[in-house]
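Summary of structural features
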Amino acid sequence: MGEFSKLEWRCRRGTKELDLLLLGYLRHHYLDAELYLQQAFRCLLEMQDPELYDLLTGKIRASDTGIADVVAAIRSRYYG
């Protein structure tokens, strides 16, 4: 299984909202993103679902700049 396939698998979180947000970023932005953003996205996938959901819905903010940039990109795509 290649890296992209592994990331697709890790994006499937069990809640439709998270699945759509994470898979959308992976499929439309990840490959073209700078290396630090790709690393930040992989770190984002290590988070537990409640924290990840809170980040993506804007309830909390990321202290890491790379993660904050990825979250902003995801939010701008879906929340305008």
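The residue numbers shown here count from 1 along each chain, following its written sequence. The predicted nature of this model means local features are confined to residues of pLDDT at least 70 and side-chain atom pairs, given and counted, to a pLDDT of 80 or more, with totals for whole chains, interfaces and linings taken over all residues. Hydrogens and water are ignored here; the side-chain numbers use all heavy atoms of the structure.

1. Re the pattern of salt bridges
Rules: Whenever Lys or Arg places a side-chain nitrogen within 4 Å of a carboxyl oxygen from Asp or Glu, that contact is recorded as a salt bridge. Here a helix means four or more residues in a row that DSSP labels H or I, a strand means two or more in a row labelled E, and each is numbered from the N terminus. Only protein chains enter the accessibility calculation, which uses a 1.4 Å probe; a residue is then buried when its area is under 20% of its type maximum, exposed when over 50%, and partly exposed in between.
With the rule as written, the count across this model stands at 4 salt bridges. Glu8 serves as the salt-bridge partner of Arg27, at 3.3 Å between the closest nitrogen and oxygen. Separated by 19 residues along the polypeptide, Arg27 in helix α2 (residues 16-28) and Glu8 in helix α1 (residues 3-11) bring together distant segments of the chain. Across the salt bridge formed by Arg13 and Asp49, the nearest N and O atoms sit 2.7 Å from each other. Taken as a pair, Arg13 in the loop between α1 and α2 and Asp49 in helix α4 (residues 49-56) lie far apart in primary sequence, 36 residues in all. Overall, the relative accessible area of 17% leaves Arg13 in the buried class. According to the relative accessible area criterion, Asp49 is partly exposed, its value standing at 25%.

2. Some details on helix α3 (residues 35-44)
Given 3.6 residues to a turn, an α-helix orients residues that are three or four positions apart in the same direction. Here is the rule we go by: The arc under discussion is defined with respect to the helix axis, by the directions toward the C-beta atoms.
Along α3, the residues that are buried comprise Leu37, Gln38, Ala40, Phe41 and Leu44. Looking straight down α3, one finds its buried side chains confined to an arc of 160°; they lie on one side.

3. Some details on the confidence of the model for the chain
Spelled out, the test is: The quantity called pLDDT is the predictor's confidence in a given residue, expressed from 0 to 100.
Model confidence for the chain is summarised by a mean pLDDT of 94, while 96% of its residues fall at 70 or above. Averaged pLDDT values for the elements of the chain fall to 91 in helix α5 (residues 65-79) and rise to 98 in α3.

4. A look at the packing of aromatic side chains
Formally: The rule is short: rings of Phe, Tyr and Trp, with Trp giving its six-membered ring, pair when the centres are within 6.5 Å, and they are stacked under 30 degrees, edge-to-face over 60, tilted in between.
In the structure shown here, the tally under the stated rule is 2 aromatic pairs. With a centroid separation of 4.9 Å and an interplanar angle of 35°, the aromatic rings of Tyr25 and Phe41 are classed as tilted. With Tyr25 in helix α2 and Phe41 in helix α3, this pair connects stretches of sequence that are 16 residues apart. Both residues of the pair, Tyr25 and Phe41, belong to the buried class. Both rings, one in Tyr30 and one in Phe41, keep their centres 5.7 Å apart while their planes meet at 55°; by these two values the pair is tilted. Here the residue Tyr30 occupies a position in the loop between α2 and α3, and Phe41 occupies one in helix α3, the gap between them amounting to 11 residues. Accessibility classification places Tyr30 together with Phe41 in one group, the buried group. Aromatic rings pair up to connect Tyr25, Tyr30 and Phe41 into one cluster.

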